[in-house]
Structure formats: C-alpha cells, structure tokens
Amino acid sequence: MSDVLLEPRVLHRTIARMAHEIAERNPQSADLALVGIQKGGVALAGRLATALEPILGHPVPVGLLDVAMYRDDLGQRAAPALMPTEISFPLDGRIVVLVDDVLFSGRTIRAALDALTDLGRPRLVQLAVLVDRGHRELPIRADFVGKNLPTSLRQRVDVRWTEDGGDDTVRMLERPA
Amino acid sequence: MTWTRRHLLDLQSLSAEELTLVLDTAREFRAVGERSIKKVPALRGKTVVNLFVEPSTRTRISFELAALRLSADVINFTAEASSLKKGETLKDTVRNLEALNAEFIILRHGASGAPQFLSQFARSHVINAGDGAHEHPTQGLLDVFTIRERKGRIEGLNVTILGDILYSRVARSNIWALVTLGARVTLCGPSTLVPKIFEQLHPSIRVTWNLDEALRDADVVNLLRIQHERQRINAFPSIGEYASLFGLTQARMARLRDHALIMHPGPINRGVEIASEVADGGQSVILEQVTNGLAVRMAVLFLLNGGRQSDLRTPA
C-alpha cells in the first residue's frame, strides 16, 4: 500500500520555496555552501543549488558527504556501503547547509556533524530536509523543512529522485506488520 | 551486495562480488587518508591484536595504522617476546587475548592454515596476514586494488607474476583475486620455482620460463622477492644468475608495453629482481601499493566489524 505525499509539481514548488527561505536567512550569500548527505540528500542539494543561483545571482558550491564511517550502529548491522565524500571547497568560515531528504531519528545528522567537523570548521551549520517525519531520538531540528509529516513507526517515507532513476515523487509506504 | 563473512582467511573462496565490495570500500578509505584529519570513529572502542608469530615489519605497521585510523585500540604481539616462546600453544595464546575482549586477531604465521585453525574456535574476527606459502589476502587485495585504480578494470588484463611462485603466498592470493575478476595470469621464473602444475589451478593461468614471452603482452608485471628464508632447496645456482636471467632491467623494460605497470610487494632487492632505475621509474607503482595497502586493510577491518545477517536489526 502506498500514498503519494508529494507529486512532482508540488515537489518542485516545495524546493523553490526552500531555496527562497535559505536565501532569506543568509544575506551573506557569498559564504553559503550546500552539502548533500549520501544518498538521498545529494539530489536535493543539487536542486537547491540550481534554484538558489538565480535568486542570489551567483552559483553556490555543492559538496557530497557520506556519513557511513560515523554511524553509531556499525557493529549492529552489516557494514554499510560507502559512497564518495567530495567537498572541493574549504569549509572553514563557511555557512554550510546540510541537506538530507528525510529527517527521522536524527542519528544521520549527528553522524554528519561529526563527519563535517573532521573536514573543516564551518562558521555556521544549518539543516535543510525535504520531509520531517518526526520520531527524533536526539536533540536535532531542521532549519528548513519542505514538509512536516506525522508518521507512525511502521510507515516508511520513500523519496524517488529522477537523478537516481525515480519519478520525483514522495510516497508513504506501509511496512508489513 | 552485503558483506557476511566473520573472517578473512583467503582470497580463493571470495566471489567476484565480495572482492569488488572490498575494493570499492577501500577507495573511500584511501580518500580518508588524503584528508588533514585521517581518522574516522568506525571502530571506536574495539580492540585489534596484531599476532605476528612470524616476523614482519611492513604488514604489521600497515595493519596497526589501519586500526588506529579507524579509532581502534591496538596491541602488538610478536613471537620473540611472548609466551609462545615459553611453550604456550597458539590456541591458548588466542584464548588469553580473547579473555581481554579483543575483537580482531590479525595473524601472521609460518604454518599454512594457522588462521583457518584459529577461526574454528575463535570468538573474534580472524584476519590472515600471511600463512606459510598459502595466502596473504590483504596483499592480494592491495595489488588488485592498485591495478584497478590505475587501469580502471581487472577483466581482460594480462598480469605477469615474476619470481618465486612456489613459495609465495603473495603469488597465490594474487592469482585467486585476478582470475576471479577476469584477468589472465602469466607465471614466470626459474622452472624450479614455477612448476607447470600451477596451470591446473585455473584455465586463465599459464606458466612460462621464458621472460621475453612473459613480458611481451603484459599490462602489469608483479615482481616477487626471492624468499631465501622459505627455500628449503637451492632453486637456482646463484643470486647473480637469477638477476641476469630474470631481473627486470632497463633493457628488459624496453620490451614491455609503455603503459605496463611495475609492482612489487616489498621489500625490494635492488639489482636482484629489479633494477634501481626500474624501481624508481615512471611505470613503478611500488609506493602506491604501500598507500593502498593501508586503505585496503581499513576496508577489511570495517567490513568484518559489521554485524552478521543473523543478528541484524530492521533498518530505520
């Protein structure tokens, strides 16, 4: 069973709104950089950068961050696949907007903050997520939220980007009981 | 593809998918080594024991640094200064180490099969760091990793392994990884050290005692050290004769393809199996192998550290 939460047209409008919010919050836009968390955050970071460029009048650098080596459950699950971390600009002094598709327990963001700290010292770190589904296990909240969605633990939020072979649709899936 | 093995004992039993997973994982760890902070917390709180019953410097240092860069604690245990000298059995030594809650045992041993034996009763993860003339899996992995990073693939390449094949665990681990990933392997050296019977291991292996033939089509030449310490018989008359018949000299380099890589697991004997100009030349990737060895060993520790299929929780 699956319900469409965001169809492509709404998804695109949501991303455009988030870009405007990021621009509004950060008047010193020359220091701005986006870092997408592997894997779902990468496509969103790219979309936000594309949407931000005409608003700001200049390009915003985009990096990729894989947090697998920083997870807190490595001994409790099969070793996760590692994906590239590519941040080709210095982080020191930057305003970094961490970008992920779904915010859930907050543990991925905790890992991302540790990973980011090992790569440099940003002046400010903000968090942008497409969907905040609740159920936080750590004191973490997003600065920019595409959509707040109360969910049950049995549900799963499924984001399919065209960049990854999907259809730009966000769905809610029910796990079998 | 998910890693499910508890131990790394050999490369012979690894599938192409498993080998590729290690190589892909190693690539990300090599990137960590290029950062200003070269350490990640993946093995924080874990204890790694380097149990080196046979002496080794570079492999031990590489494993030690790999464990440290994963934030594990490391104990070095060498045979010369240990209870093994006082008559304790390997099994008792390992049980004592496990009583200290060591999670990883990295074993270097002169007897083929020692890591396999350990794995039968050990609660920890066993990593073979070289056992007799059997295998040296992490060396095989780092060699294949180095080739793949340079050539972009393994499949279809001609790889020549030159030197002491008979006594070499490095050769065996290389052979298994290479043929599983689709390379053609040529083994070359003195007939006493390169028996024809190696061809029966796999259809992609050929043996030749003619160096020119071994070099002609090679995309990679992996040189092995003559292991004086492992030779029970005199396999060739003199070092000088070996150097003149099988040493990779500049003159012989000229007969190689321009893009051919020169590899050597070290330590190199300059003027014996390899001329100085070749070792230091533009086609040599010998020092890259050392860098890659660290990344591959981090990858192996990282993959083995994962929980097993049986005790996996439902992912969030």
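Parameters and conventions
- Residues numbered from 1 in each chain as written.
- Chains lettered and ligands numbered in written order.
- Predicted model: local features only at pLDDT ≥ 70, side-chain atom pairs only at ≥ 80, totals over all residues.
- Helix = DSSP H or I, 4+ residues; strand = E, 2+ residues; numbered from the N terminus.
- Rg over C-alpha atoms; globule rule 2.2 N^0.38 Å.
- Buried ≥ 20, exposed ≤ 12 C-beta atoms within 10 Å, placed from the backbone.
- Contact = placed C-beta atoms within 7 Å.
- Domains from an automatic or database assignment.
- Nonpolar A, V, L, I, M, F, W, Y, C, P; charged D, E, K, R; others polar.

### Quick notes on the overall build of chain B
Per the secondary structure count, chain B includes eleven helices and nine strands. The C-alpha atoms of chain B give 20 Å as radius of gyration, which agrees with the globular expectation for 316 residues (20 Å, within 12%). When its C-alpha atoms are laid out on the principal axes, chain B stretches across 55 × 50 × 40 Å.

### A look at the overall build of chain A
The secondary structure content of chain A amounts to three helices and eight strands. Listing the helices and strands of chain A from first to last along the sequence gives β-α-β-α-β-β-α-β-β-β-β. Scaling as 2.2 N^0.38, a compact globule of 177 residues should have a C-alpha radius of gyration of about 16 Å, and chain A matches this with 16 Å. If you line up chain A on its principal axes, its C-alpha atoms span 50 × 40 × 30 Å. Within the span of chain A, comprising 177 residues, buried residues form 40% of the whole. For chain A, the proportion of contacts with a sequence separation of at least 24, taken over those separated by at least 6, is 68%.

### Description of the domain arrangement of chain B
Residue and element names in this part refer to chain B. According to the domain assignment, chain B contains domain 1 (16–136 + 291–309) and domain 2 (137–289). Between domain 1 and domain 2, the C-alpha centre-to-centre distance is 26 Å. Contacts between the two partners involve 21 residues from domain 1, matched on the other side by 24 residues from domain 2. Within the residue set of the side of domain 1 that touches domain 2, elements represented by two or more residues are α1 (16–33), β4 (125–131) and α11 (286–305). Residues belonging to the side of domain 1 that touches domain 2 are distributed by class as follows: nine nonpolar, eight polar and four charged.

### Considerations on the interface of chain B and chain A
Listed as interface residues are 21 residues of chain B and, on the opposing side, 16 residues of chain A. Looking at the side of chain B that touches chain A, the elements that each hand over two or more residues are α1 and α11 of chain B. For the side of chain B that touches chain A, the per-class residue count stands at eleven nonpolar, seven polar and three charged.

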